[in-house]
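Close look at the chain arrangement
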Amino acid sequence: MHRKAHRGLAIASTLALLITAAGCSGDDGPGSGGASVPGVTDTEIVVGTHMPLTGPASAGYSKIAPATKAYFDYVNANGGVHGRKITYKIMDDGYNPANTQQVVRQLVLQDKVFAVLNGLGTPTHTGVLDFLKSNRVPDLFVASGSRSWDQPDKYPGTFGFNPDYTVEGKILANYAKANLAGQKVCFLGQDDDFGRDSLAGVEKVLGAGAVAVKQTYVTSNTNVAPQIGAFKAAGCQVVVLATVPGFTALSVGTAARLGFKPQWLVSNVGADHPTLAKQLGAAAPLLEGMVGTNYLPMQNDTANPWIQLFTKVNKEHNGDAPFDGNTVYGMSVGYLFVQVLLAAGKDLTREKVLDAVQKGGYQGPGLVPLRFSATDHSGYGGQRLSRVSGGVQSYFGPAYETDEADGAVNEYTATPAAPPANGVPTVS
């Protein structure tokens, strides 16, 4: 179902061709308990990921895994985790599900990774769930808000990270209901669980008949003029976008060419202002007034201690790359993974790391709680709204949390945790 919309993609999986498929020594070496654990030796933990370093979702997203690796390198420079250094193997899948299956098989069968961490994409990762399950590979903190990752009975080793798209749709719709009442709401979403789950959340709050026009896109077709034209013809005043960054930029740019100026309400995965501004170039002012969501510190909040930490890590271990929300995201994933490794203990096994995630109670950069438990694998449970004003993206109003069912959208008022003094978590 998820692959149909993406079979037309012919993106070369560059890194998969460049990286030699070398077997990892972790399969031969013992953990401290003496048992052979894939990807684990007395001195190293090898984990891997699939990421769109090229292709239709690479705008912004290609920066995530390097930022995670930079945080691991920072931790490694500070002694590692229980004396082990983290090695992160990053494989390019071009956001093409066929490539994803190829590179994940290489990571598991040849590189013998301990776990797959933060594999990105709803259509891409869906196709490797059963493979990872059958090989008993921990599938941690998937980079997508699909509700598919929150199936502990069916996929006990898979955990999300992002707030699920239905939660997000409810929060965006709650804003529209409170602030844009009476305006015609329309929706553009990716033609997979990303779009469908987002629309479900919008309709839970506004009602099934409240979305006047519903359109979808596929990442293999960069012409969204028919969809945007339909919105203009219908007199849409508010457009909710469940779009990856490249298609957020395409939608906003196409609308401007068609003389269509709605209020944009944009999914967190496609609302990072620096990424969009780079895509639009001279047309970046078209983003003015865009409302988005996020659940991590804003990249431009230089007074935030997490941003100060991640900026330092970026300078020291990521070549001082341009710093945006994708950088913050990647390092936040890295921080959580280190917390989990510490909680799993020195005698590291795959079972122990899964038990550690399910134990929950983790605090990090997030503005809302992580929900991990034995019965909930969904990751963050809410978001805060942002707006672009004067070319700057900033938060406004409270953070919100809700569920993927019919629960209310409630304010969340707890103060986020501060990072440890040296930026490396300790065993709680």
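Residues numbered from 1 in each chain as written. Predicted model: local features only at pLDDT ≥ 70, side-chain atom pairs only at ≥ 80, totals over all residues. Heavy atoms only, no water.

For the protein chain, the name recorded in an unreviewed UniProt entry is Leucine-binding protein domain-containing protein, with Micromonospora noduli as its organism.

1. Regarding the domain arrangement of the protein chain
As assigned here, the protein chain comprises domain 1 (38-162 + 300-379) and domain 2 (176-292). Each of domain 1 and domain 2 has a C-alpha centre, and the two are 28 Å apart. Listed per partner, the contact involves 14 residues of domain 1 and 15 residues of domain 2. The contact between domain 1 and domain 2 buries some 1200 Å² in all, and 51% of this surface belongs to carbon and sulfur atoms. Contact with domain 2 buries surface across domain 1, with Pro56, Ala59 and Tyr61 losing the most and accounting together for 35% of the total. Summed over the shared surface of domain 1 and domain 2, the number is 1 salt bridge. The partner of Asp197 in a salt bridge is Arg147, with the nearest N and O atoms 3.4 Å apart. Taken together, domain 1 and domain 2 are joined by 7 residue pairs in polar contact (both at pLDDT 80 or more). Every element with two or more residues in the side of domain 1 that touches domain 2 is listed here: helix H2 (58-61), helix H5 (122-126) and helix H13 (325-344). If you tally residues by element for the side of domain 1 that touches domain 2, the top one is H2, at 3 residues. (Domains from an automatic or database assignment. Contact = heavy atoms within 4.5 Å. Buried area = accessible area lost by both parts, 1.4 Å probe. Salt bridge = Lys/Arg side-chain N within 4 Å of Asp/Glu carboxyl O. Polar contact = N/O pair within 3.5 Å; in protein donor to acceptor, adjacent residues only side chain to side chain. Helix = DSSP H or I, 4+ residues; strand = E, 2+ residues; numbered from the N terminus.)

2. A word on the nonpolar core
Counting residues in hydrophobic clusters, the biggest one holds 109 residues, and the most contacted among them are Phe114 and Phe141. The biggest single contributor to this core is H13, with 12 residues. Domain assignment of the residues forming this core places at least three in each of domain 1 (38-162 + 300-379) and domain 2 (176-292). Counting 12 residues, the second largest nonpolar core, distinct from the first, contains Val46, Met91, Val103 and Val104. (Core = buried A, V, L, I, M, F, W, Y, C linked by side-chain atoms within 4.5 Å. Buried < 20%, exposed > 50% of the residue type's maximum accessible area, 1.4 Å probe, protein only.)

3. Overview of the packing of aromatic side chains
Throughout the structure, instances matching the rule amount to 16 aromatic pairs. Ring geometry for Tyr165 against Phe194: centres 4.4 Å apart, planes inclined by 35 degrees, an arrangement best described as tilted. Remark: Phe194 occurs in helix H8 (residues 193-206) and Tyr165 occurs in helix H7 (residues 165-179); sequence separation between them is 29 residues. Taking the relative accessible area as the measure of exposure, Phe194 reaches 2% and is therefore buried. Ring pairing ties together the aromatic residues Phe141, Phe159, Phe161, Tyr295, Tyr329, Phe372 and Tyr380, which thus form one cluster. The ring of Tyr155 carries Lys133 above its face, with NZ or CZ at 5.6 Å from the centroid. (Phe/Tyr/Trp six-rings, centres within 6.5 Å; stacked < 30°, edge-to-face > 60°. Lys NZ or Arg CZ within 6 Å of the ring centre and 35° of its normal.)

4. As for the layout of surface pockets
Estimates place the volume of the largest pocket at around 300 Å³. Surrounding the largest pocket, 16 residues form its lining, Lys133, Arg136, Pro156, Gly157 and Leu354 being those nearest its centre. Where the lining of the largest pocket is concerned, the elements lending two or more residues are helix H6 (129-134) and helix H14 (350-359). No other element matches H14, which puts 5 residues into the lining of the largest pocket. Tallied by class, residues from the lining of the largest pocket come to 7 nonpolar, 3 polar and 6 charged. (1 Å grid on protein atoms, 1.4 Å probe; cavity = no way out; pocket = protein on both sides within 12 Å on 5 of 7 lines; lining within 4 Å. Points joined across faces, edges and corners; volume = space filled by probe spheres on them. Nonpolar A, V, L, I, M, F, W, Y, C, P; charged D, E, K, R; others polar.)

5. Details of the UniProt feature "domain: Leucine-binding protein" (unreviewed entry) in the protein chain
Taking the UniProt record as the reference, the feature "domain: Leucine-binding protein" (unreviewed entry) is found at residues 45-389. Helix makes up 42% of residues 45-389 and strand 17%. Its end C-alpha atoms lie 44 Å apart. (UniProt positions renumbered as here; feature names shortened; annotations may be inferred.)

6. Re the state of the cysteines
Per the stated rule, a full pass over the model turns up 1 disulfide. With its sulfur 2.0 Å from that of its partner, Cys186 forms a disulfide with Cys236. For the disulfide bridge between Cys186 and Cys236, the dihedral angle about the S-S bond is near -80 degrees, and by the sign convention the bridge is left-handed. Of this pair, Cys186 sits in strand S6 (residues 185-190) while Cys236 sits in the loop between helix H9 (225-234) and strand S8 (238-242), and the two are 50 residues apart along the sequence. Across this residue pair, the class does not change: Cys186 and Cys236 are buried. (Disulfide = S-S within 2.5 Å.)

7. Comments concerning the sheet that holds strand S2 (residues 85-92)
An order of S2-S1-S3-S4-S5 is seen for the 5 strands of this open sheet, with the pairing classed as parallel. The open sheet terminates on both sides in strands that have one partner only, identified here as S2 and strand S5 (158-160). Here the average twist between neighbouring strands, direction ignored, is 20 degrees. Relative to strand S3 (residues 115-117), strand S1 (residues 44-51) runs parallel, the two sharing 2 bridges. Its bridge partner being in S3, Val47 is matched across the sheet by Ala115. The sheet strands contacting helix H3 (residues 64-77) are S1, S2 and S3, and the helix crosses S2 at an angle near 170 degrees. The strands touched by H13 within the sheet are S1, S2, S3 and strand S4 (139-142), with S4 carrying the most contacts at an inclination of about 145 degrees. (Pairing = 2+ DSSP bridges. Axes fitted to C-alpha atoms, helices over the stretch in contact; angles between N-to-C directions.)

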